[in-house]
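Below are the chains, spelled out letter by letter.
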Amino acid sequence: MSLDSEYLNFYEWIKKNGGKIHEHVKIDTKEERGLFTTDSIESHTALAIVPWSLVVNIQHPDLSTINTDTERQALIIFLLREYNKEKESSWYPWLKLLNIEKEADELLKIKMHLFNCVEHSTLGQALSDRYQQLQEEYEYLHQAGTIETSFELFCAIDHLIWSRVLDLPENEPLSLVPFIDFANHSLNANARWFIDDDTHNIILRSERTLNSNEEITICYGSKSNEELLYLYGFALSINSNDRVTIPVSLKPDDILLEDKLQLIQQLNLPPRLTLDMNGNLSNESNQLVKILSAQTQATINQQNEHYTPYLLNLFNEYLNKLNLCPDNDETFTKYYLDSQKLIIQKAIDNLK
Ligand SMILES: C[S@@+](CC[C@H](N)C(=O)[O-])C[C@H]1O[C@@H](n2cnc3c(N)ncnc32)[C@H](O)[C@@H]1O
């Protein structure tokens, strides 16, 4: 079956289930697959209406027999089960388009490459923690006979969920919304989605006039490149929400170790420094540096002469690690690294 007919099947499936897609909206692939217009569309027009019966979450009758610890696990089990049914699944027209097997292969390659470059960062820590958690979760579900797939497929489905789930309001369950899940992210989005109060349908609506052949985008939130990479596997070349977070720790031979630890705990400071786009430290981070750099009891929580050298050393070390990462063609890793280097360089210049 050609790709076009797969898309047509998908649109038909949505309509058959009571949904609507604007006649000038379709899924297409330019740099990245997404939603596009085929003609101009006025502002505040419904681009797609997805019925609640097609929203995948624990309230859906198809998930009612799944008993798990978390909503996410229920979604994983549901997707694996439906994926294995292939054409027999009533969700097939949507699942077919998600390229789950290809995802499983690519995900590992990209993650390994990315991981080599970010091992020293908070992103590296978060990725390896997640990988370990996934391994433990997989072992547990596999041994209990709840899932019978490979670990790679399990990871791909987990990634699929995090990268496609919609941020519904707090009282709503974790949900996947076919069709709207094809909208890519932009900080300058031209569309947004909302739940219709009366019908509970999910509506995607244009927020301004759209030109013909324009990509329809929604905003996934004000996320840094690190968060975007962690959750979705992409980064932006220009991201006004970007920042650098550097993990820091105390040296075991620090003569003020106990006092510093106590103070850090008392003030509830996280063990990392955060720099905004302009290379400025957050207030919390500033306080943490004062403590970490102090060399006498009297100056333990004050600006001290070691403050600037401590930071310069830390920033230069971090920059060196970023520079050690070999050049690579992976676009998003490059965006991430370039932006990190720019911010660190600004922070170094600010100290001079
Ligand atoms: C909700 S899906 C959007 C549809 C997806 N592009 C597809 O082909 O099915 C989210 C995924 O799309 C990609 N994506 C979304 N916004 C992007 C952007 N601005 N730049 C590059 N990739 C993006 C990422 O791979 C992300 O994990």
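Refer to the structure printed above.
To start, this report covers the structure provided alongside it.

Analysis parameters
- Residues numbered from 1 in each chain as written.
- Predicted model: local features only at pLDDT ≥ 70, side-chain atom pairs only at ≥ 80, totals over all residues.
- Heavy atoms only, no water.
- Core = buried A, V, L, I, M, F, W, Y, C linked by side-chain atoms within 4.5 Å.
- Buried < 20%, exposed > 50% of the residue type's maximum accessible area, 1.4 Å probe, protein only.
- Helix = DSSP H or I, 4+ residues; strand = E, 2+ residues; numbered from the N terminus.
- Phe/Tyr/Trp six-rings, centres within 6.5 Å; stacked < 30°, edge-to-face > 60°.
- Near = heavy atom within 4 Å.
- Polar contact = N/O pair within 3.5 Å; in protein donor to acceptor, adjacent residues only side chain to side chain.
- Areas by Shrake-Rupley, 256 points an atom, 1.4 Å probe, with all protein chains shown as cover.
- Nonpolar A, V, L, I, M, F, W, Y, C, P; charged D, E, K, R; others polar.

## Here's the deal with the nonpolar core
If you look at soluble globular proteins, the nonpolar side chains tend to sit buried side by side.
Reasoning step 1: In terms of nonpolar packing, the biggest core is built from 65 residues, with F10, L79, W94, F179, W193, I202 and L204 touching the most fellow members.
Reasoning step 2: Broken down by element, the residue count for this core peaks at eight residues, all from helix α2 (residues 71-85).
Reasoning step 3: The next biggest cluster of nonpolar side chains, apart from the first, holds 37 residues, and it includes V289, A294, I300 and L322.

## Remarks on the packing of aromatic side chains
Reasoning step 1: Evaluation of the coordinates by the stated rule reveals 16 aromatic pairs.
Reasoning step 2: Taking the centre distance of 5.5 Å and the plane angle of 55° together, the rings of Y138 and F154 count as tilted. In this pair, Y138 sits in helix α5 (residues 122-143) while F154 sits in helix α6 (residues 151-164), placing the two residues 16 residues apart along the sequence. For the pair formed by Y138 and F154, the shared burial category is buried.
Reasoning step 3: Aromatic pair Y220 and F234: ring centres 6.3 Å apart, planes at 80°, arrangement edge-to-face. With Y220 in the loop between β10 (215-218) and α7 (225-232) and F234 in the loop between α7 and β11 (244-247), the pair connects residues that are 14 residues apart, well separated along the chain.

## Observations regarding unusual backbone geometry
Reasoning step 1: In this model, H44 sits at a positive phi of 60°, which is unusual for a non-glycine residue.
Reasoning step 2: Within the fold, H44 resides in the loop between β3 (33-37) and β4 (46-50).
Reasoning step 3: By relative accessible area, which is 49% here, H44 ends up partly exposed.
Reasoning step 4: Of note, F179 is a non-glycine position whose phi angle comes to about 85°, a positive value.
Reasoning step 5: For F179, the position within the fold is in the loop between β6 (175-176) and β7 (184-185).

## Side note on the site of the ligand
Reasoning step 1: With respect to spatial proximity, 14 residues lie near the ligand, and among them E32, R33, N184, H185 and Y232 are the closest.
Reasoning step 2: At 2.8 Å, a side-chain N or O of R33 approaches an oxygen atom of the ligand.
Reasoning step 3: Contacts to the ligand include N184, whose side-chain N or O atom sits 2.9 Å from a nitrogen atom.
Reasoning step 4: Taken by itself the ligand offers 560 Å² of open surface, and the protein chains cover 85% of this.
Reasoning step 5: Looking at the shell around the ligand, the elements that each hand over two or more residues are α6 and β7.
Reasoning step 6: Of the residues belonging to the shell around the ligand, the class tally is seven nonpolar, three polar and four charged.

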